[in-house]
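So the chains spell out like this:
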Amino acid sequence: MPPPWALGCALALAAAARCGRRTILFALAIALAVSAFDTAWRDPAARTLPQGLVTVSGIAVEAPEGEHTTFTLARTAYGTLEVRARGEVRAAERVTVRGRLLRSARMRTRGITALLDGRVVAREQGRGATATAARIRAWARTRLAVLPQPAAALLDGALVGERGALDGGMATAFSETGTTHVLVTAGLHLGAFAALLLVTCEAFGAGRIAASLLALCGVALFVVLSGVHLPAVRAGIMSACALIARASGRAALGPEAIAVAAIAVTLWEPWSVGGASFLLSFSCVGAIALFASPIARRLERLQLPHLLREGISLTLATQIGVWPLQAAFFLQLAPYAPLANALVVPMVAPALGFGMLTLANPLFAPLAALACGWILGAVRAISALPYAHLVATPPPWWAIAAYDGAALWLGLRGTRAALACVIAAAALCLWPPRFGETGTHIVALDVGQGQAIVVLSRGHATMVDGAPAQQGARTLVPFLVRAGIHRVDALVVSHPHQDHFAGFSAVMDALRVDDLIDGGWPSHGAFAALLRDTESARVPIAHLRAGAAWRTGDAEVTILAPFAQPLRDTHDDVDNDSLIVRVRTAGCTALVMGDAESEEERALIDAYRADELRADVLVVGHHGSGYSSSAAFLAVVRPRVAIASVGIHNPYGLPSPQALTRLRAAGARVLLTSRDGTITLDAARACAARTSPVT
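Small disclaimer: the values here were computed from a predicted structure and weren't measured. (Residues numbered from 1 in each chain as written. Predicted model: local features only at pLDDT ≥ 70, side-chain atom pairs only at ≥ 80, totals over all residues. Heavy atoms only, no water.)

Novice: Can you help me understand the overall build of the protein in this one?
Specialist: Scanning the protein from terminus to terminus reveals 25 helices and 24 strands. Within the protein, counting contacts between residues at least 6 apart in sequence, those at least 24 apart form 67% of the total. Per element, the accessible surface of the protein, about 31000 Å² overall, is 60% carbon and sulfur. (Helix = DSSP H or I, 4+ residues; strand = E, 2+ residues; numbered from the N terminus. Contact = heavy atoms within 4.5 Å. Areas by Shrake-Rupley, 256 points an atom, 1.4 Å probe, with all protein chains shown as cover.)

Given below as structure tokens:
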């Protein structure tokens with residue numbers, strides 16, 4: 001949230017708090033004010049980062065999962081960094097990295113200053129509290145490895161904060177059922193842990209005060225060893241308030257505990273305000289404070305058991321608070337979330353307890369696996385139900401703010417007018433109005449070493465090439481959904497290489513697709529798997545060649561090649577049989593070349609007049625290889641902008657220096673997705689290019 005908006009919201013909350021004498025509103029006002037001050041004047045990420053190569057040392061808080069994955073480096077001169085570097089790294093080591101710092105606002109909301117891209121130049125044994133905590137987490141993960149997967153990964157997240165250990169399919173199932181909070185150390189885990197400590201201490205004869213203080217120390221230690229993530233810190237502070245109140249013989253403070261946690265978290269990490277973790281965490285506990293008791297009172301007439309009634313009320317209250325944010329951050333709604341949580345939450349405490357006992361003695365591993373198996377089985381079963389998750393266009397911030405304000409009014413006053421406002425605001429979040437959809441944009445997505453080009457126009461979309469498989473759910477679907485696209489006119493496969501089509505399976509799984517277009521190539525291997533996925537999704541397959549055309553909004557999409565007879569005996573016959581697509585609008589023309597090389601470029605020159613090939617933008621063939629972008633072809637096309645879709649540090653050395661030289665000699669401005677991130681071309685402004693930060 002920009003500082004002016006944050007200060008404005010802070011003043012509004014303070015005024016509301018003064019009228020209603022609500023401590024939590026004052027706390028949120030202080031949180032927003034501190035965040036605005038920090039973002040504008042104090043935050044090191046708001047200042048200029050070095051542009052050249054830097055050498056940075058810090059503690060690796062976890063080991064990277066693979067050779068090309070990132071890891072977090074804490075205690076550096078620039079704060080906490082996410083590192084993408086070549087070289088072996090182990091948890092708790094003091095690592096020195098030589099590279100460049102790249103800013104990312106999205107990472108900043110997770111407490112990370114920047115991305116450091118480079119190479120590891122030195123490693124040594126880490127010292128200090130951060131290294132000790134990392135070493136203990138690594139030891140715990142080793143001890144939990146006696147459990148079968150994915151039970152071990154589930155406890156890795158719950159006990160030591162290793163959130164990336166769960167495989168993609170299972171993680172998706174948790175997301176689709178609204179149970180991702182089970183995977184991260186937060187209020188559910190700390191509450192269960194504190195209760196276990198209290199019961200254990202009192203069983204050994206400790207009094208109320210001693211048991212509460214021992215549990216308080218245990219909670220603090222748990223927060224540190226779990227990685228001091230924001231949800232754990234928030235839950236730890238609230239647990240501390242409850243335990244201190246218990247020790248002093250008073251009732252646990254509800255709104256006041258939330259207020260203390262909001263202020264403490266903001267002072268600790270002011271940049272977290274406005275991030276997904278902060279908003280989801282406090283929306284959850286705020287909704288529980290407002291709605292759990294009223295819902296439980298209304299359930300009394302059903303004569304349900306007390307524990308079941310409490311569980312249902314907590315689950316429903318949580319969903320009231322977080323569902324608009326889930327749509328905004330995760331682009332989906334989970335209709336079965338209350339059912340899933342009712343089945344999963346009661347087993348978290350047993351899984352946590354047996355997991356801790358497994359750390360002490362592997363003989364408890366079967367019991368931990370049994371408890372985790374219940375959780376995993378319930379999540380799998382519910383995620384397999386029809387309509388287990390619904391794709392949601394993210395509502396704008398003002399719609400979420402209107403919903404939260406109405407929900408707060410309803411929770412405090414409970415009037416019919418407040419209920420009507422909640423319903424109206426919920427409708428705005430479910431069906432957000434879309435403004436400014438009349439323009440046409442051509443977008444080259446940053447998908448690593450692959451290619452994905454999207455044509456957006458008046459609520460319509462055509463996608464040329466579909467990136468590597470892992471980018472489908474990670475990049476393609478989120479981009480389309482955030483653009484308000486739930487139905488795609490066409491998915492075009494330029495040629496049967498996986499880095500150009502494998503992500504389409506995820507698109508067809510999540511969204512409606514009118515057609516999948518290919519060149520009628522033989523189906524085998526991964527391409528045959530894509531065609532099977534297409535048939536399973538009931539998407540028509542069209543085998544098209546030169547001359548085919550269709551409209552996407554205001555854009556005309558035309559296939560220029562290949563021709564009826566494919567080229568043979570070229571440098572690479574598959575690459576030179578690429579579908580070449582021309583996108584033409586009133587103010588911009590773009591050529592998307594697939595992996596075409598000089599032989600197919602020559603065929604285009606021979607088949608078309610120069611004005612039919614002329615283009616403002618050229619998405620260069622074969623990612624800018626030395627065999628593409630010939631001087632003769634560039635002389636005909638005369639592009640003002642040339643885009644090469646390449647991955648950083650790709651093993652092929654792309655783009656080729658020779659191709660770059662030819663492109664610049666032709667007068668083109670060269671943009672690389674590896675350097676410039678996602679590239680957006682605005683047709684209404686003569687294909688003016690806008691780049692995004694690399695993350």
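Novice: Help me out: how do you make sense of unusual backbone geometry in this one?
Specialist: Trans is the prevailing form of peptide bonds, just as negative phi is the prevailing case for residues other than glycine. Here the residue pair Gln149 and Pro150 is connected by a cis peptide bond, since its omega of 5° sits within 30 degrees of zero. Looking at the element boundaries, Pro150 is found in the loop between helix H4 (129–144) and helix H5 (151–160). Positive phi outside glycine occurs at Ala92, with the angle close to 75°. The backbone of Ala686 shows a phi angle near 55°, a positive value even though the residue is not glycine. Within the secondary structure, Ala686 sits in the loop between strand E23 (679–682) and strand E24 (688–691).

Novice: Even after reading the chapter, I still don't get the side chain of Ser494, so can you show me in this structure?
Specialist: If you trace the backbone, Ser494 turns up in the loop between strand E12 (490–492) and helix H19 (504–510). A relative accessible area of 1% places Ser494 in the buried class. At 2.9 Å, the side chain of Ser494 forms a polar contact with the side chain of His495. Beyond its immediate stretch of four places on either side in the chain, Ser494 contacts Asp465, His500, Trp521, Asp577, Ser578, Leu579 and Gly594. (Buried < 20%, exposed > 50% of the residue type's maximum accessible area, 1.4 Å probe, protein only. Polar contact = N/O pair within 3.5 Å; in protein donor to acceptor, adjacent residues only side chain to side chain.)

Novice: Would you explain helix H7 (residues 187–203) in this entry?
Specialist: The periodicity of an α-helix, 3.6 residues per turn, causes residues three or four positions apart to be oriented the same way. An ideal rise of 1.5 Å per residue puts 24 Å on 17 residues; H7 measures up with 24 Å between its terminal C-alpha atoms. The inward-facing, buried residues of H7 abut H5, helix H8 (208–225), helix H9 (230–247) and helix H14 (348–360). Positive phi appears at Gly205, one or two residues downstream of H7, with a value of about 95°. (Expected span 1.5 Å × (residues − 1).)

Novice: So what exactly am I meant to see when it comes to a nonpolar patch on the surface here?
Specialist: A surface patch of nonpolar side chains, about 360 Å² in accessible area, is lined by Leu339, Leu343, Trp374 and Leu385. Relative to the assigned elements, Trp374 resides in helix H15 (residues 365–383). Given a relative accessible area of 47%, Trp374 falls into the partly exposed group. (Patch = residues over 30% accessible without salt bridge, like charges linked within 9 Å, V, L, I, M, F, W, Y side chains within 5 Å. Salt bridge = Lys/Arg side-chain N within 4 Å of Asp/Glu carboxyl O.)

Novice: Quick question: what am I supposed to make of the pattern of salt bridges here?
Specialist: Should their charged atoms come close, side chains of opposite charge can pair. A complete count under the given rule lists 12 salt bridges for this structure. When the shortest N-O distance is used, the salt bridge between Arg602 and Asp606 registers 3.7 Å. One end of the pair is Arg602 and the other is Asp606, both in helix H21 (residues 598–607) and 4 residues apart, which spans about a single turn. As a salt-bridge pair, Asp611 and Arg609 come within 3.1 Å of each other at their nearest N and O atoms. Counted as one network, the salt bridges with shared partners bring together Arg609, Asp611 and Glu612.

Novice: Would you take a moment to explain the packing of helix H12 (residues 306–330) against helix H13 (residues 337–344) for this structure?
Specialist: Each packed pair of helices is defined by two parameters, the angle between the axes and the distance between the axes. Running from N to C, H12 and H13 cross one another at 135°; their axes reach a closest spacing of 9 Å. Relative to H13, the element H12 is oriented oblique. Note on packing geometry: the crossing formed by H12 with H13 is right-handed. Residues Thr315, Leu316 and Gln319 of H12 touch H13, and the partners they reach there are Ala337, Pro338, Asn341 and Ala342. Along the lines of polarity and charge, the residues of the contact of H12 with H13 split into 4 nonpolar, 3 polar and no charged. (Axes fitted to C-alpha atoms, helices over the stretch in contact; angles between N-to-C directions. Parallel < 35°, antiparallel > 145°, perpendicular 65-115°, else oblique. Left-handed = near helix turned anticlockwise from the far one by under 90°. Nonpolar A, V, L, I, M, F, W, Y, C, P; charged D, E, K, R; others polar.)

Novice: Which parts of the structure should I look at to understand the pairing of strand E3 (residues 79–86)?
Specialist: Within a regular beta strand, the side chains point alternately toward one face of the sheet and then the other, so they alternate between its two faces. Pairing geometry for strand E2 (residues 71–76) and E3, over 4 bridges, is antiparallel. Within E3, the position partnered with Thr76 by the bridge is Gly79. What sits between E2 and E3 in their antiparallel hairpin is a turn of 2 residues. (Pairing = 2+ DSSP bridges.)

Novice: Help me out: how do you make sense of the sheet that holds E24 in this one?
Specialist: Sheet strands associate in pairs through backbone hydrogen bonding, adopting either a parallel or an antiparallel arrangement. Taken together, 8 strands build an open sheet; the order of strands is E15-E14-E12-E10-E9-E8-E23-E24 and the sheet is mixed. If you trace the sheet from one side to the other, it starts and ends with strand E15 (541–543) and E24, each paired once. Strand-to-strand twist in this sheet, taken as the mean axis angle between neighbours without regard to direction, amounts to 20°. Note that strand E9 (residues 453–457) and strand E10 (residues 460–464) share 5 bridges and pair antiparallel.

Novice: Honestly, the nonpolar core in this entry has me stumped. Any pointers?
Specialist: Among soluble globular proteins, nonpolar side chains are generally buried collectively. Core analysis: the biggest nonpolar cluster contains 60 residues, and Leu480, Leu491, Val507 and Leu516 have the highest contact counts within it. Look past the residues within four positions of Leu491 in its chain and what remains in contact with it is Met463, Phe504, Val507, Met508, Val513, Asp515, Leu516 and Ile517. If you look at the next biggest cluster of nonpolar residues, it comprises 58 residues, including Leu190, Ala192, Ala235 and Ala261. (Core = buried A, V, L, I, M, F, W, Y, C linked by side-chain atoms within 4.5 Å.)

Novice: Mind showing me how you'd approach the state of the cysteines here?
Specialist: In a disulfide, the sulfur atoms of two cysteines are held together by a covalent bond. Taken as a whole, this structure holds 1 disulfide when the rule is applied. Paired through a disulfide, Cys588 and Cys687 show a sulfur-sulfur distance of 1.3 Å. Across the disulfide from Cys588 to Cys687, rotation about the S-S bond amounts to roughly -45°, and the bridge is consequently left-handed. Pair noted here: Cys588 is in the loop between strand E18 (580–584) and strand E19 (589–592) and Cys687 is in the loop between E23 and E24, with a separation of 99 residues, a long-range link. We classify Cys687 as buried; its relative accessible area is 2%. (Disulfide = S-S within 2.5 Å.)

Novice: Could you clarify how one ought to interpret the sheet that holds strand E16 (residues 549–552) in this entry?
Specialist: Read across the sheet, 7 strands follow the order E16-E17-E18-E19-E20-E21-E22 without closing on themselves; strand pairing throughout is mixed. With partners counted over all chains shown, the strands left at the sheet margins are E16 and strand E22 (669–672), one partner each. On average, each strand axis in the sheet is inclined to that of its neighbour by 20°, with strand direction left out of account. As defined by bridge partners, E18 adjoins E19 across 4 bridges and the pair is classed as antiparallel. Bridging from a neighbouring strand, Val583 pairs with Ala590 of E19. This element, helix H24 (residues 657–665), spans strand E20 (617–619), strand E21 (641–644) and E22 of the sheet and lies at about 140° to E22.

Novice: Any chance you could explain the pairing of E9 here in plain terms?
Specialist: For E9, the tally of buried residues reaches 5 of 5 residues, placing the bulk of the element in the interior. Judged by which residues are buried, E9 turns out to be covered on both faces: Ile453, Val455 and Ser457 on one side and Val454 and Leu456 on the other are all buried. Where strand E8 (residues 440–444) lies against E9, 5 bridges are found, and the strand directions are antiparallel. Its bridge partner lying in E9, His441 is registered against Leu456.

Novice: Where do I start with the environment of Val285 in this structure?
Specialist: In this fold, Val285 is placed in helix H11 (residues 276–299). Relative accessible area serves as the criterion here: at 10%, Val285 is assigned to the buried category. The spacing of Val285 and Met238 is 47 residues in sequence and 9.8 Å in space, taken between C-alpha atoms. Val285 has contacts with Arg234, Met238 and Ile258, leaving out every residue within four places of it along the chain.

Functional significance is not addressed by these values, which are geometric in nature.
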